[in-house]
Amino acid sequence: MDETAKHIAELYSRLDLREGGDHQLDLGDENPDSAFAEIQWSIVGRFNTKRSINFRVMKSKMASIWSPFEKIWVKELGPNLFFFQFFHEQDFMHVKNNGPWTFDQYLFVLKQISVGINPYEVTLTHVEFWVQVYDLAVGFMSERVAKDIGNFIGEYCYADSNNFSRLWRTYMRIRVSIDISKSQKRRMQIKKAGQTESWVNFKYEKLPNFCFFCGVIGHAEKFCEVLFKFPDKTIPRLFGTWLKAPGKRDMYSE
């Protein structure tokens, strides 16, 4: 090795090429950005469409729908990706717990974020729905059954406290986080020891447009991949409007 090469090698040996070197910024409990002081009341979300979203119109429309007590700060992070910061816990809980929400019939997919989470990297695939479970036999209206059914549909969140009152209801109501990229569950077979199997059927509250062929939310029948994969075959419709729960007026009469 000549003298020049040795000199270059020596210089490089003194360099720390690791990003950040041996130094690391430790903020402890300090929040580096005062704008995110109320980060616990923030969500990031997208709309379940490939079309572009008019940010100005969307912001105005969602504020009208939510009717917040305090202001909401909204930022467009990128194409169809939005950050919402609430300044009152009640406004935040209303939006988080009373969905699903839609804009121009497009489902809003949201997720709560916290300090340390990069909003650009949040996976947005699940939406919470209230699901009504019908045709439950006597003896199945319990918290355990609610959890098992909820985890079959998606991820169980909690149950309506009215499920377990002394008044007989024709259905059980449970809150479930559902992967909207998959077909929605229509029914489930259940059984108690020593008894024959029975089917329970599901209805989804505030269910937006979905495909009657594949059961996936977000596209109509004519855009379903199933039709393109099997163009010469008659494809049965395994889903229908019966998957949608009745409106509030009808629900309260149950």
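Refer to the structure printed above.
Report follows, based on the coordinates. (Residues numbered from 1 in each chain as written. Predicted model: local features only at pLDDT ≥ 70, side-chain atom pairs only at ≥ 80, totals over all residues. Heavy atoms only, no water.)

A look at the pairing of strand 9 (residues 187-190)
Of the two faces of strand 9, the one lined by M188 and I190 is fully buried and the one lined by R187 and Q189 carries no buried residue. Judged from the four bridges that link them, strand 9 and strand 10 (residues 198-204) form a sheet pairing that is antiparallel. Each bridged residue has a counterpart across the sheet, and for R187 the counterpart in strand 10 is N201. (Buried < 20%, exposed > 50% of the residue type's maximum accessible area, 1.4 Å probe, protein only. Helix = DSSP H or I, 4+ residues; strand = E, 2+ residues; numbered from the N terminus. Pairing = 2+ DSSP bridges.)

Focus: the sheet that holds strand 8 (residues 171-179)
Within a sheet, adjacent strands bond to each other through the backbone by hydrogen bonds, running parallel or antiparallel. Reading across the sheet, the five strands line up as 7-8-6-10-9 and stay open at both edges, with antiparallel pairing between neighbours. Looking along the sheet, the strands with just one partner apiece sit at the ends: strand 7 (155-159) and strand 9. For this sheet, the mean angle separating the axes of adjacent strands, direction not counted, is 35°. Of the strands in this sheet, strand 6 (126-134), strand 7, strand 8, strand 9 and strand 10 are in contact with helix 4 (residues 143-153), which crosses strand 7 at around 145°. (Axes fitted to C-alpha atoms, helices over the stretch in contact; angles between N-to-C directions. Contact = heavy atoms within 4.5 Å.)

Looking at the environment of N48
For N48, the position within the fold is in the loop between strand 1 (42-47) and helix 2 (55-66). Taking relative accessible area as the criterion, N48 reaches 16% and is therefore assigned buried. Separated by 132 residues in the primary sequence, N48 and I180 place their C-alpha atoms 8.9 Å from one another. Apart from residues lying up to four places away in sequence, N48 is in contact with Y106, L107, V109, I180, I217 and G218. Within the local environment of N48, its side chain forms a polar contact with the backbone oxygen of I217, the two atoms lying 3.2 Å apart. (Polar contact = N/O pair within 3.5 Å; in protein donor to acceptor, adjacent residues only side chain to side chain.)

Describing the side chain of S42
Here S42 shows up in strand 1. Beyond its immediate stretch of four places on either side in the chain, S42 contacts F83, F84, Q85, F92, K111, Q112 and I113.

Quick notes on the pattern of salt bridges
Enumeration over the complete set of coordinates arrives at six salt bridges. Among the ionic pairs, R175 bridges to E128, the shortest N-O distance being 3.1 Å. Here R175, found in strand 8, pairs with E128, found in strand 6; they are 47 residues apart in sequence, far enough to count as distant. Across the pair R237 and E221 runs a salt bridge, and its minimum N-O distance is 2.8 Å. Residue R237 is found in the loop between helix 5 (225-229) and helix 6 (248-252), and its partner E221 is found in the loop between strand 10 and helix 5; the two are separated by 16 residues along the sequence. With relative accessibility at 53%, the residue R237 sits in the exposed group. When salt bridges with common partners are traced through the structure, they connect D160, R173 and E205 into a single cluster. (Salt bridge = Lys/Arg side-chain N within 4 Å of Asp/Glu carboxyl O.)

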